[in-house]
Structures are given as structure tokens and as C-alpha cells.
Amino acid sequence: MKFIGITGGIGAGKSTVLSLLKENFNCKVLLADEVAATLMQAGNQCFEAVVSLPWPESIVGLDGQINRPLMAKLMFADDNLRKSVNAIVHPAVEKEVLNQVEIERKKHNIEYFFFEAALLIECGYGKLVDEMWYIYATEEVRAKRLMESRGYSMERIKNTIMSQRSDASFREHTDRIIDNSGDKDSTLSQLKAILSEE
């Protein structure tokens, strides 16, 4: 079983690629955001540590769970809080992912284990995965997608893309590039070509 990391900038269409992988190959797909959300639920290992950070207001909602939109808003306004949350959550996510990879390896049921996160490179996953894939799309395509799917303004799109790792830097740190600027068929044929070589 191959353990493959999937990364790329906002609007590159990582979700589309993951759907194509799920539908067409014998694999498991895991998303960093989903693992983190689970680990931060009440009763799970990151909940207490995250809640007890010095937030300007309580981030626990009426349902007893972390109010994630509020938490995200407060984190982006305060660099120290953001770093503190990441220092708690990232190592826990990594441990959980490696644990799931180990479980799947022992089962021998799947050929590929795909793990998607925006910050795979920053979090050092290059040393953990067998291969790192970069999902690429031109800036025009990304902007169009973000306007259509999330209603972002051009200014917000530009600022978000500027704040992320550059195309050159993604290429430098990854093993394969999937050009997802076109339609699903063109992306799928690239995936089939790559995975038939493995």
C-alpha cells in the first residue's frame, strides 16, 4: 500500500481530485480537516487543551462543542492563538493519520492511502509519505472556482493566493503534479497514468 500526500493551494480543486480517486481506485481518502475536527470534539484528546487556551471569549457553543467558525475567526486575528492551536492539533493529527495508515497496511485491503491537507509540506509530511502530489490549477481557473463556489471577491482571492505557498515552492517540494485546470476527464486520465506506473 502506498501512502500519498495530496496538497495544493485554495481553489485548485483538491476535493474534485479526491472524489475521482475514491470513485476510480482501490483506496482510502483522509482529510486533515476532518481528523482535526474529530480530535477537537468534546471528550477527545485536543478538546480540553484547545478550549483552555487564553481565548478573548468562550469558543464552546451551547451544544458543548467548539464553535469552529468562531475559533477560526479568533485564530486568524491572533497569531499567538493560531500557533498555540496548531501546536496542539497538528501533532495529534499526524499521530492519528499514521495510526490509520498502520491499520490499513495490516489489513492489506487497499492499494493507496491518500491524505489531503493544505499544510502538508509545512507540517513535514514529506518525510512520512511515500509520495507527495501537488494539485495545480492556473490562477484564472482558481479565481473562477472561488467566485462560483464560495462567492469570494477578486480582492479576497488575490490576498488568499498571495498568503499561500507559491506555485514554484509547491513544485519544489512535491513528487508529482496533477494539472487540474481542465475538466474531470483530463484530470482522471492523469491519475490513471500515474497510478498505472506505480
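Keep in mind that this is a model prediction, so the values were computed, not measured.

**Quick look at the sheet that holds strand β3 (residues 112-116)**
With parallel pairing, five strands are arranged side by side in an open sheet as β2-β3-β1-β4-β5. Two strands close off the open sheet at either side, each with one partner strand: β2 (27-31) and β5 (176-179). Neighbour-to-neighbour, the strand axes of the sheet open up by a mean angle of 25°, direction not taken into account. Across the sheet, helix α2 (residues 32-39) touches β2 and β3, and the angle it forms with β2 is around 60°. Contacting β1 (2-7), β3, β4 (131-136) and β5, helix α9 (residues 184-197) runs over the sheet at an angle of about 155° to β5.

**Some words on the UniProt feature "binding site: ATP" (unreviewed entry) in the protein**
Here the UniProt-annotated "binding site: ATP" (unreviewed entry) positions come out as Gly-11, Ala-12, Gly-13, Lys-14, Ser-15 and Thr-16. Among the residues just listed, Gly-11, Ala-12, Gly-13, Lys-14, Ser-15 and Thr-16 line the largest pocket. When you line up the elements, Gly-11 lands in the loop between β1 and α1 (14-24). Mapped onto the fold, Thr-16 is located in helix α1.

**Examining the nonpolar core**
Counting 37 residues, the largest nonpolar core has Val-50, Trp-55, Met-71, Val-93 and Phe-115 as the members making the most contacts within it. Of all the elements in the fold, those that place two or more residues in this core are α2, α3 (47-51), α4 (68-77), α5 (79-107), β3 and β4. Among the elements that make up this core, the one with the highest residue count is α5 (seven residues). In contact with Met-71, other than residues within four places in its own chain, are Met-40, Val-50, Trp-55, Ile-59, Ile-66 and Val-85. The next biggest cluster of nonpolar side chains, apart from the first, holds 20 residues, and it includes Leu-18, Phe-25, Cys-27 and Ala-137.

Calculation rules
- Residues numbered from 1 in each chain as written.
- Predicted model: local features only at pLDDT ≥ 70, side-chain atom pairs only at ≥ 80, totals over all residues.
- Heavy atoms only, no water.
- Pairing = 2+ DSSP bridges.
- Helix = DSSP H or I, 4+ residues; strand = E, 2+ residues; numbered from the N terminus.
- Axes fitted to C-alpha atoms, helices over the stretch in contact; angles between N-to-C directions.
- Contact = heavy atoms within 4.5 Å.
- UniProt positions renumbered as here; feature names shortened; annotations may be inferred.
- 1 Å grid on protein atoms, 1.4 Å probe; cavity = no way out; pocket = protein on both sides within 12 Å on 5 of 7 lines; lining within 4 Å.
- Core = buried A, V, L, I, M, F, W, Y, C linked by side-chain atoms within 4.5 Å.
- Buried < 20%, exposed > 50% of the residue type's maximum accessible area, 1.4 Å probe, protein only.

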